[in-house]
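Spelled out from the first residue to the last, the chains are:
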Amino acid sequence: MKTWAFIPARGGSQSIEMKNMLRLNEIPLVGWVLNAALEYGFKKVIVSTDNETIAEYCKRNGRDSVEIVERPTHLRDGLSYPIQDVVTDYLSKSKDLKKPDAIALFQPTSPFVRQYQIEHLLMLLNKRVGIRSAYTVASIPHNYHWVNQRTKDDQEIRLINPRKRKTAYNKHRKDKTYSFGNLVVTKCPYIKDGFFAEPSMCLEIDRFDAMDIDMIDDYRIAETLIKAGYWENGSR
C-alpha cells in the first residue's frame with residue numbers, strides 16, 4: 001500500500017506563538033515528526049505550511065523525499081476548516097501521476113511518534129479487509145473519564161450526566177474509554193469525511209507517547225518527562 005506522510009505545520013497558533021517551532025530537547029516540534037517520518041522511510045513527506053521559517057527548517061533538515069507546500073490562503077486561520085480539507089486540497093492539486101493509497105497524518109503537537117507505532121498502523125490498514133483508518137489511542141485516566149466531567153455557568157457547576165454518575169461512582173464501574181494517541185493513517189478515498197473514517201482499527205500506546213502539546217504547561221511537562229528519560233527508555 002502506497003502511503004505518504006503529511007505534516008500540517010502552520011506558523012500561527014491560538015495558544016503559543018510559533019508553537020510548531022517550539023524547541024523540545026533542542027528540536028522544534030515540527031522536527032520531531034519530520035524525523036519520525038524520515039526515519040520510517042516514506043517515499044514522500046509533505047509539509048504544508050504558511051511560514052517561511054518552518055519551510056526553511058524542513059528544507060535544511062529534510063531529504064529529497066520532503067516536499068514543502070505553501071498552504072492556501074483560505075486554509076491558514078486554523079479555525080474555519082477541518083484538517084482533512086488541507087490534505088484533500090493538496091491531493092487534488094498534486095502533479096504526481098501515482099497518487100497514494102493512504103495518508104499518515106503527523107501532527108507537530110504530538111511529537112512522540114515511535115517507529116513501531118507507524119509500522120503497526122500500516123500493517124493493520126494493509127491486512128484488515130474493509131478497514132478505512134487506523135490510529136493510536138491511549139486509555140483515559142479515571143479522573144478524566146467523561147462520567148466525571150462537569151460544565152460551569154458563572155458560579156454554578158454541574159455534572160454533565162448526573163444519572164450515569166450515580167451508577168458509575170468509582171473506576172471499577174466505569175467503561176474503559178480512550179482518547180486519540182499521536183498518529184492516524186487513513187485511506188485516501190475516505191479522508192474527505194474525516195481522518196477517523198470507520199470502520200477503524202487501533203493500537204493502544206502509553207499516555208506519554210500520546211501527549212498533546214497544546215498549552216505552555218503541556219510543553220513544560222513534556223520537557224520534564226524527557227529529562228527523566230521517558231523518551232529514550234520507551235519502546236522504539
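Residues numbered from 1 in each chain as written. Predicted model: local features only at pLDDT ≥ 70, side-chain atom pairs only at ≥ 80, totals over all residues. Heavy atoms only, no water.

**Here we look at the confidence of the model for the protein**
The share of residues in the protein with pLDDT of 70 or more is 99%, and the mean pLDDT across the chain is 92. Averaged over each element, pLDDT in the protein is lowest for helix H7 (residues 230-233) (84) and highest for strand S6 (residues 102-106) (98). (pLDDT = per-residue confidence, 0-100. Helix = DSSP H or I, 4+ residues; strand = E, 2+ residues; numbered from the N terminus.)

**Observations regarding the sheet that holds strand S10 (residues 178-187)**
Spatially, the seven strands line up as an open sheet ordered S5-S4-S1-S6-S10-S7-S11, and their pairing is mixed. At either end of the open sheet lies a strand with only one pairing partner, and these are strand S5 (66-70) and strand S11 (200-204). Each strand of the sheet is rotated relative to its neighbour by a mean of 25 degrees, with strand direction disregarded. Of the pairings in the sheet, the one linking strand S1 (residues 3-8) to S6 comprises four bridges and is parallel in character. What sits directly across from Trp 4, in S6, is Ile 103. Contacts from helix H2 (residues 52-61) reach strand S4 (45-49) and S5, with the element oriented near 170 degrees to S5. (Pairing = 2+ DSSP bridges. Axes fitted to C-alpha atoms, helices over the stretch in contact; angles between N-to-C directions. Contact = heavy atoms within 4.5 Å.)

**Observations regarding helix H3 (residues 83-93)**
Buried residues of H3: Gln 84, Val 86, Val 87, Asp 89, Tyr 90 and Leu 91, and no others. For H3, the secondary structure elements touched by its buried residues are S1, S4, S5 and S6. (Buried < 20%, exposed > 50% of the residue type's maximum accessible area, 1.4 Å probe, protein only.)

**Focus: the environment of Val 33**
With respect to the secondary-structure elements, Val 33 resides in helix H1 (residues 29-40). Separated by 186 residues in the primary sequence, Val 33 and Tyr 219 have C-alpha atoms spaced 16 Å apart. Look past the residues within four positions of Val 33 in its chain and what remains in contact with it is Ile 7, Phe 106, Gln 107, Pro 108, Ser 110 and Pro 111.

**Here's the deal with the environment of Tyr 57**
In this structure, Tyr 57 sits in helix H2. Here Tyr 57 falls in the buried class, since its relative accessible area comes to 8%. Through-space distance from the C-alpha of Tyr 57 to that of Lys 127 is 36 Å; in sequence the pair is 70 residues apart. Not counting the four nearest positions on each side in its chain, Tyr 57 is found in contact with Met 21, Ile 27, Pro 28, Val 30 and Gly 31.

**Let's talk about the side chain of His 145**
By the secondary structure assignment, His 145 is in the loop between strand S7 (133-139) and strand S8 (150-153). From its side chain, His 145 meets the backbone oxygen of Asp 175 in a polar contact 2.7 Å long. (Polar contact = N/O pair within 3.5 Å; in protein donor to acceptor, adjacent residues only side chain to side chain.)

**Observations concerning the pairing of S10**
Across a regular strand the side chains alternate sides, sitting on one face of the sheet and then on the other. Across five bridges, the pairing between S6 and S10 is antiparallel. Looking at the pairing, Phe 106 lines up with Leu 183 of S10. Here six bridges tie S7 to S10, and the two strands are oriented antiparallel to one another. Bridging from a neighbouring strand, Val 137 pairs with Phe 180 of S10.

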